Amino acid sequence: PLLIKIIDAADNLSVQVHPDDEYAWANDMQNGKTEMWYVLQADEGAKIYCGFNQKETKADILNRTRNNTIESVLHVDEAKQGDLYYIPAGTVHAIGKGVLLAEIQQSSDATFRIYDWNRKNEKGEARELHLEQGLKVMDLSAQEGTAKCHYHYHLNETTNMVESPYFVTNLIPLTNGLRKNLENSDTFYLYFCVAGGGFINCMKERIPLKAGEIIMIPAIAKD
């Protein structure tokens, strides 16, 4: 049901939008795509694009993609390590050059590319865009203030970061061991080590975990 990716943007990635489940199912797609980003590392001045900085119309967006001015209406934040972005289906977004992040998303490849920074391949050809579909699903409202999600955490405690119909994401900064009782849980858990390292003891196994690695705890686990 989920995909987790580590994305290292060596250049600006394309400006995209994803449909919701309703649109996806009506158009023979597996699922829509709601996702979140957690910034693992960012070069100085690296950017995250998320939403519009003013209310737009479909005609506005169509014209801006044709005359290469869409960047001027994208809401932009400077990316910093630890930043969190929740990106529901319909939100226009792009990862800027120099950002390394973890992406948690619905298991779906439903992506509509609406702008690719006017890039051309070695044959002088632009990448395919999906403007017709993208305009049908995108949220054209203005992003008020920063698009970052705010959270506060304490060491050796679990902090809820994102709670959506598709996934729940917590941050657990550890300097000591932490025990989790899963007796009453009916779901799997994914633990992604974003820094440092340690061990997970589960189902009579002691499993090392270091930065960049992910472990799945199955639903049958008790702790």
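Owing to the predicted nature of the structure, the values given are computational and were not obtained by experimental measurement.

**Student:** What am I meant to see in helix H2 (residues 58-66) here?
**Tutor:** Along an α-helix, a turn takes 3.6 residues, which lines up residues three or four apart on a common side. By the burial criterion, the buried members of H2 are Ile-61, Arg-64 and Thr-65. Buried residues along H2 cover an arc of 95° about the axis, so they all sit on one side. Residues of H2 that are buried sit in contact with strand S4 (47-52), strand S9 (112-115) and helix H3 (131-137).

**Student:** Please explain the nonpolar core as it appears in this structure.
**Tutor:** One finds Val-15, Phe-52, Val-92, Ile-114 and Met-138 to be the most contacted residues of the largest nonpolar core, which totals 20 residues. Secondary structure elements with two or more residues in this core: strand S2 (15-17), S4, S9 and H3. Each residue touching Met-138, except ones within four places of it in the same chain, is listed here: Val-17, Phe-52, Ile-61, Gly-90, Val-92 and Ile-114. Counting residues in each nonpolar core, the second largest holds 14 residues, with Ala-9, Ala-46, Tyr-85 and Ile-95 among its members.

**Student:** I would appreciate a short explanation of the pattern of salt bridges in the present structure.
**Tutor:** Side chains bearing opposite charge may pair, as long as their charged atoms lie close to each other. Tallying each qualifying case throughout the model produces ten salt bridges. We note a salt bridge from Glu-78 to Lys-80, for which the minimum N-O separation is 3.2 Å. On the accessibility criterion, Lys-80 (42% relative accessible area) is partly exposed. Across the pair Arg-119 and Asp-116 runs a salt bridge whose closest N-O atoms are separated by 2.7 Å. Assessed through its relative accessible area of 26%, Arg-119 is described here as partly exposed. Using a relative accessible area of 6% as the deciding quantity, one classes Asp-116 as buried. Each of Asp-11, Asp-116, Arg-119 and Arg-127 takes part in salt bridges that share partners, so that together they form one network.

**Student:** Is there a simple way to think about a nonpolar patch on the surface in this case?
**Tutor:** Where nonpolar side chains cluster on the molecular surface, the patch consists of Leu-190, Ile-214 and Met-216 and spans about 250 Å² of accessible area. Structurally, Leu-190 can be placed in strand S12 (residues 189-192).

**Student:** It is not clear to me how the side chain of Glu-35 should be interpreted in this structure. Could you clarify?
**Tutor:** Tracing the chain through its elements places Glu-35 in strand S3 (residues 35-42). In this structure, Glu-35 is buried with no salt-bridge partner, the nearest side chain bearing the opposite charge being Lys-33 at 4.7 Å. A polar contact of 3.0 Å, which involves the side chain of Glu-35, links it to the side chain of His-93. The contacts of Glu-35, once residues within four sequence positions are left out, are His-18, Tyr-85, Tyr-86, Ile-87, His-93, Glu-103, Ile-104, Gln-105 and Phe-167.

**Student:** Any chance you could explain the packing of aromatic side chains here in plain terms?
**Tutor:** When we look at a pair of aromatic rings, we describe it by the centre distance and by the angle of the planes. Under the criterion given, the structure shown has five aromatic pairs. Considering the side-chain rings of Tyr-23 and Phe-112, the 6.0 Å spacing of their centres and the 85° angle between planes classify their relative orientation as edge-to-face. On the criterion of sequence distance, the pair formed by Tyr-23 in helix H1 (residues 21-26) and Phe-112 in strand S9 is long-range, its members being 89 residues apart. On the numbers, 5.3 Å between centres and 55° between planes, the contact of Tyr-49 with Trp-117 is tilted. Placement of the pair is Tyr-49 in strand S4 and Trp-117 in the loop between S9 and H3, with a sequence separation of 68 residues. A residue is classified by how much of its surface remains accessible, and Tyr-49, at 4% relative accessible area, is buried.

Cut-offs used in this document
Residues numbered from 1 in each chain as written. Predicted model: local features only at pLDDT ≥ 70, side-chain atom pairs only at ≥ 80, totals over all residues. Heavy atoms only, no water. Buried < 20%, exposed > 50% of the residue type's maximum accessible area, 1.4 Å probe, protein only. Helix = DSSP H or I, 4+ residues; strand = E, 2+ residues; numbered from the N terminus. Arc of directions from axis to C-beta. Contact = heavy atoms within 4.5 Å. Core = buried A, V, L, I, M, F, W, Y, C linked by side-chain atoms within 4.5 Å. Salt bridge = Lys/Arg side-chain N within 4 Å of Asp/Glu carboxyl O. Patch = residues over 30% accessible without salt bridge, like charges linked within 9 Å, V, L, I, M, F, W, Y side chains within 5 Å. Areas by Shrake-Rupley, 256 points an atom, 1.4 Å probe, with all protein chains shown as cover. Lys, Arg positive; Asp, Glu negative; His and termini not counted. Polar contact = N/O pair within 3.5 Å; in protein donor to acceptor, adjacent residues only side chain to side chain. Phe/Tyr/Trp six-rings, centres within 6.5 Å; stacked < 30°, edge-to-face > 60°.

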